[in-house]
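# Residue-level structure breakdown
Chain by chain, the residues:
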Amino acid sequence: HGLSYTEFSYSNMKLSSAEMKDGDILKVSIDVENTGKRAGSEVVQLYVSYPDSKVERPRQQLKGFKRVFIHAGKTETVQIQLKASDVAYWNVEKHAFVTEKGKLKLMIGSSSADIKMKKELSLIPKGE
């Protein structure tokens, strides 16, 4: 990790929708406040996990990130986009990428070991 000379707090995580269908683009936003005494930059990271998956998937996958520079005492709203195709997997039998029906857990933090906030949404495959 890169070290910073300031500290950040995360709040107000929002999703543009409670569900995602094939072809959708979800917008994930979060407020990041510089609670320290110096200006600094933070890399806000979006991870996903698949609690309902019927196939073997990673415990967490990095799906987006954004570096922001924030002055001391200020708050920035950070937005990261997630496409439905970003959470599809290769189905060997169908020879195609497939979006699996179920829950998708979204996690935001400064690293995979430092998750600040979580939300869930429903994945709805094509034709459902």
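The paragraphs below set out a description of the structure included in this document. Everything quoted here is computed from the prediction, not taken from an experiment. (Residues numbered from 1 in each chain as written. Predicted model: local features only at pLDDT ≥ 70, side-chain atom pairs only at ≥ 80, totals over all residues. Heavy atoms only, no water.)

### Concerning unusual backbone geometry
The line we're drawing: Numbered from the N terminus, helices here are DSSP runs of H or I no shorter than four residues, and strands are runs of E no shorter than two. Classification of residues uses two cut-offs on accessible area relative to the type maximum, computed with a 1.4 Å probe and protein chains only: under 20% is buried, over 50% is exposed, and between them is partly exposed.
A positive phi is found at Asn-12, a non-glycine position, where the angle reads about 60°. For Asn-12, the position within the fold is in strand β1 (residues 8–15). With a relative accessible area of 38%, Asn-12 lands in the partly exposed category. Phi is positive for His-95, close to 55°, though the residue is something other than glycine.

### Here's the deal with the sheet that holds strand β3 (residues 25–34)
The line we're drawing: A pair of strands is treated as paired once DSSP finds two or more bridges between them. Lines fitted to C-alpha atoms define the axes here, with helix axes fitted over just the stretch in contact, and angles between the N-to-C directions of these axes take values from 0 to 180 degrees.
Taken in spatial order, the three strands make up an open sheet running β1-β3-β6, and their pairing is antiparallel. Two strands bound the open sheet, and with one partner strand each, they are β1 and β6 (75–83). Geometrically, the sheet is characterised by an average inter-axis angle of 25° between neighbouring strands, direction not taken into account. Pairing geometry for β3 and β6, over nine bridges, is antiparallel. Looking at β6, one finds that Val-28 is bridged to Ile-80.

### Overview of the environment of Val-87
Worth spelling out the cut-off: Any two residues whose heavy atoms approach within 4.5 Å are treated as being in contact.
Along the chain, Val-87 turns up in the loop between β6 and β7 (89–91). Look at Val-87 and you get buried, because its relative accessible area is 0%. Separated by 37 residues in sequence, Val-87 and Tyr-50 place their C-alpha atoms 8.9 Å apart. Apart from the residues lying within four places of it in its own chain, the contact partners of Val-87 are Met-20, Val-48, Tyr-50, Arg-57, Leu-82, Leu-104 and Leu-123.

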